[in-house]
Amino acid sequence: MIFCRFGSNFHELSFPAPARGCQSLADVKNEYEALGYCIYHQVDDGEGCKEVMKYPDLPIIADESCIIEEDIAKCFNHFHGVNIKLMKCGGLTPGLRMIHKAKALGLKTMVGCMTESTVGISAIAHLLPLLDYVDMDGALLLEIDIATGVSIDFGKTIYSNENGTGAKLMCQ
């Protein structure tokens, strides 16, 4: 069971909808307050999402329900937005098409990652002007990164002077 914010109150949802990273009301509350959204819905059945869509104060972002380009249309009327992962959708070009399709449908856009090297983070950074939300701190979670490139300094994106996405593999 997960908890969602409706207005100024938090309520338990009455339908099964597992949320990644939110194991308790406190987790959801902290994530919502920190990020402005709180759920990565990972449901196959859109009925629960349709119910939550009635409450506009809670942005519902499709995560595992949106992997490839064809999934964008399936998310319409079930989610407020989509979380696109470049490594899962096939890279920058399909990711960019997904962003444009989502925007055309009025969906919010987010590009996210888990533990991603600076190679992936550098690619994500070039999409920032098109996004409503971003999760690109994956390289910060790595003990040893394999590349240099775009970096994040206290929330500020610092672009590399290298060609292309700005990523450069480091010699071991």
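Rules used in this analysis
- Residues numbered from 1 in each chain as written.
- Predicted model: local features only at pLDDT ≥ 70, side-chain atom pairs only at ≥ 80, totals over all residues.
- Heavy atoms only, no water.
- Helix = DSSP H or I, 4+ residues; strand = E, 2+ residues; numbered from the N terminus.
- Expected span 1.5 Å × (residues − 1).
- Buried < 20%, exposed > 50% of the residue type's maximum accessible area, 1.4 Å probe, protein only.
- Arc of directions from axis to C-beta.
- Contact = heavy atoms within 4.5 Å.
- pLDDT = per-residue confidence, 0-100.
- Pairing = 2+ DSSP bridges.
- Core = buried A, V, L, I, M, F, W, Y, C linked by side-chain atoms within 4.5 Å.
- Salt bridge = Lys/Arg side-chain N within 4 Å of Asp/Glu carboxyl O.

A few points about helix α5 (residues 92-104)
So, point 1. Here α5 is 13 residues long and its end C-alpha atoms lie 18 Å apart, about the 18 Å a rise of 1.5 Å per residue gives.
So, point 2. When α5 is considered as a whole, its buried residues turn out to be Pro 94, Gly 95, Met 98, Ile 99 and Ala 102. Down the axis of α5, the sector holding all buried residues measures 145 degrees, keeping them to one side. Of the residues in α5, the exposed ones pointing more than 90 degrees away from the buried face are Thr 93 and Ala 104.
So, point 3. At its buried positions, α5 is contacted by α3 (71-75), β5 (81-84), α4 (86-89) and β6 (108-111).
So, point 4. Among the residues trailing α5, Gly 106 stands out with phi positive, at a value near 80 degrees.

Remarks on the environment of Val 111
So, point 1. Inspection of the secondary structure assignment puts Val 111 in strand β6.
So, point 2. When the C-alpha positions of Val 111 and Gly 95 are compared, they lie 8.5 Å apart, and in sequence the two are 16 residues distant.
So, point 3. Sequence-distant contacts of Val 111, that is, excluding residues within four places in its chain, are made with Asn 83, Ile 84, Leu 86, Ile 99, Ile 124, Leu 127, Leu 131, Tyr 133, Val 134 and Asp 135.

Concerning the confidence of the model for the chain
So, point 1. Scored by pLDDT, the chain has a mean of 77; 66% of the residues are at 70 or more.
So, point 2. When pLDDT is averaged over each helix and strand of the chain, the minimum, 39, is found for strand β1 (residues 3-6) and the maximum, 98, for α5.
So, point 3. In the predicted structure, residues 1-25 sits below a pLDDT of 50 and forms 61 contacts with residues beyond four places in sequence or in another chain.
So, point 4. Confidence drops under pLDDT 50 across residues 40-45; counting only partners more than four residues distant or on other chains, this segment forms 29 contacts.

Considering the pairing of β5
So, point 1. By the alternation rule, side chains of β5 split into Gly 81 and Asn 83 and Val 82 and Ile 84, which are all buried.
So, point 2. Note that strand β4 (residues 60-62) and β5 share two bridges and pair parallel. Bridging from a neighbouring strand, Ile 61 pairs with Gly 81 of β5.

Considerations on the nonpolar core
So, point 1. Counting 25 residues, the largest nonpolar core has Cys 66, Ile 72, Val 82, Ile 84, Leu 86, Val 111 and Ile 124 as the members making the most contacts within it.
So, point 2. For this core, the secondary structure elements donating two or more residues are β4, α3, β5, α4, α5 and α6 (118-125).

Brief notes about the pattern of salt bridges
So, point 1. For the structure shown, the criterion picks out four salt bridges.
So, point 2. Of the charged contacts in the structure, one is a salt bridge between Glu 69 and Arg 97, with a shortest N-O distance of 2.7 Å. Placement of Glu 69 in the loop between β4 and α3 and of Arg 97 in helix α5 is noted, with a sequence separation of 28 residues between them.
So, point 3. According to the relative accessible area criterion, Glu 69 is buried, its value standing at 16%.
So, point 4. Assessed through its relative accessible area of 39%, Arg 97 is described here as partly exposed.
So, point 5. Its salt-bridge partner being Asp 132, residue Lys 103 comes within 2.9 Å of it at the nearest N-O pair. Separated by 29 residues along the polypeptide, Lys 103 in helix α5 and Asp 132 in the loop between α6 and β7 (133-134) bring together distant segments of the chain.
So, point 6. Residues joined by salt bridges that share partners form a network here, namely Glu 69, Arg 97 and Lys 101.

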